[in-house]
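Breakdown of the fold
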Amino acid sequence: MIKPEVLSPAGDMECLESALKFGADAVFLAGKLFGMRSAPKNFDNDDLKKACELAHAHNAKIHVTCNVLPRNDELKYLPEYLRYCQDCGVDALIIADLGVMEAAKKYAPDVALHVSTQAGVTNYAAANVLYNMGASRVVLARELPLDQIADIRAHIPNELEIECFVHGAMCVSFSGRCLISSYMTGRDANHGECAQPCRWKYHLFEENRQGQYFPVEETSDGTYLYNSRDLCMIEHIPELVKAGISSFKIEGRAKSAYYTAVTTNAYRHAVDDFMSMGENYTLASWIREELEKISHREYNTGFYFGNEPGQVTDNGGYIRQYDVVAMCESSLSDNTSLITQRNKFYVGDTLDVLPPCGIPFNVKCLSLETEDGECVESAPHPMQKLIMKSDVPIPDSSYIRKKRDSAFV
């Protein structure tokens, strides 16, 4: 068995730093052009170079998404962009379009080519053709069950890597190719501008009853016909490894640095534990619990084990059981920490701490003090710097969380 890569998302520099601190082997991100997510800040040329330098200093890799389906007028910008990616030290380009792939071989010949999930690779014949064209990795279609992934692994060269999504938001379309957003809003999902109309509520109208609508619903809130559950494969690490998957991909370039930290940390520990324990492996309960501490829709295992219920039909919101209330900027003496407040909390609260590459633990907030030395009973001001005393020390760069009264948003 080969130890799989933990591949984490980053929509900006904060997310990249979070991925690296919490154990990513590689990070996938986008520049300002040709990436399939336009909502995040993404990385301009200077940031892209810094990202490569920072990742390589952590012995990690940078995979740049170059996976839009470009129109004719966009092709003129491609050569310069590809050259710059190579000059920055990008380790791999994730590509969906064959024309872009050919251009990458010409203008960025030293950069590995990974074929995007949007290419819809569902069989070993396609994977072998792409390998012969120069691909070193294929990101398989999300529609594949695990036994077919294992069969692909058995029929392709050992040198050709397989990457699969293991966690995050899913899409109702085939391999991420969807036209609903283009039809309804004019925002092209295949250029990273999806408005996510699959998450909206839908109602039925009858043409002869003007002004009346008939909800197609299971509750009074409407029916979410296309509202996919989130993928979570944390309980199936052994099966994924044994199927021959080379890289475990975590979806979420439009999500927060906190989301990146929690998911990266969970899959890092699960992979490391399995590779060291082998057949004696059991998933630590805290790892599964961590993935309930981020905003998410109801989880399932996607298509890996056949037809599992894939839609959330009674709500369109997220489950969120915890709020990040602070970040530990630096650990001081006598169990005190310099923190930056994110959400309100009080002296006396029991808080949940997630340290970099570590196991979460609880602390009690014993006192709070402003930078001017004023003692306060709560932290009500976002981004305020405070000195917090706790019953145990808190490591630098830890996320400090508090359980919510209500789990849904």
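Refer to the structure printed above.
Secondary structure summary: the protein contains 10 helices and 21 strands in total. Within the protein, the fraction of its 409 residues that count as buried is 51%. Accessible area for the protein stands at about 18700 Å²; split by element, carbon and sulfur atoms hold 49% of it.

Here we take up the packing of helix 3 (residues 78-88) against helix 4 (residues 98-107). Relative to each other, helix 3 and helix 4 sit at 55°, their axes nearing to 9 Å. Looking at the two axes, helix 3 sits oblique to helix 4. By crossing handedness, the relation of helix 3 to helix 4 is classed as right-handed. Along the contact surface, helix 3 presents L78, P79, L82, R83 and Q86, while helix 4 presents V100, A103, A104 and Y107. Residue composition of the contact of helix 3 with helix 4, by class: seven nonpolar, one polar and one charged.

Turning to helix 1 (residues 13-21), a few remarks are in order. Within helix 1, the full set of buried residues consists of C15, L16, S18, A19 and L20. On its buried side, helix 1 packs onto strand 1 (5-9), strand 2 (26-29), helix 2 (45-57), strand 3 (61-66), helix 9 (257-277) and strand 21 (399-403). Capping the start of helix 1, D12 holds a side-chain oxygen 3.2 Å from the backbone nitrogen of E14, two or three residues further along. Looking one or two places after helix 1, you find G23, whose phi comes out positive at around 110°.

The two faces of the sheet receive side chains in turn, since in a regular strand these alternate between them. For strand 13 (residues 322-331) and strand 21, the ladder comprises five bridges, and the chain directions are antiparallel. Among the inter-strand pairings, V324 is bridged to a residue of strand 21, identified as R401. Here strand 16 (residues 350-354) pairs with strand 21 via three bridges, running antiparallel. Across the sheet, the residue bridging to D352 is R401, located in strand 21.

One pass over the full model with this rule turns up four aromatic pairs. With 5.6 Å between their ring centres and 45° between their planes, F34 and Y81 make a pair best called tilted. One end of the pair, F34, is in the loop between strand 2 and helix 2; the other, Y81, is in helix 3, with 47 residues separating them in the sequence. Note on accessibility: F34 and Y81 belong to one class, buried. Here a set of aromatic residues connected by ring pairs shows up, and it is made of F22, Y258 and Y399. Taking NZ or CZ as reference, K249 lies 4.5 Å from the ring centre of F28, over its face.

Of all hydrophobic cores here, the largest spans 88 residues; its most connected members are L29, L93, I237 and Y267. Counting residues per element, this core draws most heavily on helix 9, which supplies 10 residues. Setting aside anything within four residues of it in sequence, one finds L29 in contact with A10, L16, F43, L48, A51, I62, H63, V64, T65 and R253. Counting residues in each nonpolar core, the second largest holds 16 residues, with I339, A379, M388 and I400 among its members.

Okay, empty space enclosed by the protein next. In this approach the atoms are scanned with a rolling probe the size of a water molecule, which exposes any empty space left behind. Per the counting criterion, the structure on display carries one cavity of 30 Å³ or more. Taken as a whole, the largest cavity spans an internal volume of roughly 80 Å³. Along its surface, the largest cavity is lined by 13 residues, and A141, R142, C164, F165 and Y304 are the ones closest to its centre. Across the lining of the largest cavity, the residue classes tally to 10 nonpolar, two polar and one charged.

As a further point, take the pattern of salt bridges. Under the definition given, this model contains 21 salt bridges. In this structure, E163 engages R137 in a salt bridge whose closest nitrogen and oxygen atoms are separated by 2.6 Å. Highlighted residues: E163 in strand 7 (residues 161-168) and R137 in strand 6 (residues 137-139), separated in sequence by 26 residues. A relative accessible area of 0% means that E163 is categorised as buried. Overall, the relative accessible area of 4% leaves R137 in the buried class. Overlapping salt bridges bring together E5, R137, E161, E163 and K249 as one network.

With that out of the way, let us pick up the environment of S18. Residue position: S18 is located in helix 1. Put simply, S18 and T264 are 246 residues apart on the chain and 8.8 Å apart in space, counted from C-alpha to C-alpha. With near-sequence residues (within four places) excluded, S18 lies in contact with A257, T260, A261 and Y399. One polar contact links the side chain of S18 to the main-chain carbonyl oxygen of A257, over a distance of 2.9 Å.

What counts, and at which threshold
- Residues numbered from 1 in each chain as written.
- Predicted model: local features only at pLDDT ≥ 70, side-chain atom pairs only at ≥ 80, totals over all residues.
- Heavy atoms only, no water.
- Helix = DSSP H or I, 4+ residues; strand = E, 2+ residues; numbered from the N terminus.
- Buried < 20%, exposed > 50% of the residue type's maximum accessible area, 1.4 Å probe, protein only.
- Areas by Shrake-Rupley, 256 points an atom, 1.4 Å probe, with all protein chains shown as cover.
- Axes fitted to C-alpha atoms, helices over the stretch in contact; angles between N-to-C directions.
- Parallel < 35°, antiparallel > 145°, perpendicular 65-115°, else oblique.
- Left-handed = near helix turned anticlockwise from the far one by under 90°.
- Contact = heavy atoms within 4.5 Å.
- Nonpolar A, V, L, I, M, F, W, Y, C, P; charged D, E, K, R; others polar.
- Polar contact = N/O pair within 3.5 Å; in protein donor to acceptor, adjacent residues only side chain to side chain.
- Pairing = 2+ DSSP bridges.
- Phe/Tyr/Trp six-rings, centres within 6.5 Å; stacked < 30°, edge-to-face > 60°.
- Lys NZ or Arg CZ within 6 Å of the ring centre and 35° of its normal.
- Core = buried A, V, L, I, M, F, W, Y, C linked by side-chain atoms within 4.5 Å.
- 1 Å grid on protein atoms, 1.4 Å probe; cavity = no way out; pocket = protein on both sides within 12 Å on 5 of 7 lines; lining within 4 Å.
- Points joined across faces, edges and corners; volume = space filled by probe spheres on them.
- Salt bridge = Lys/Arg side-chain N within 4 Å of Asp/Glu carboxyl O.

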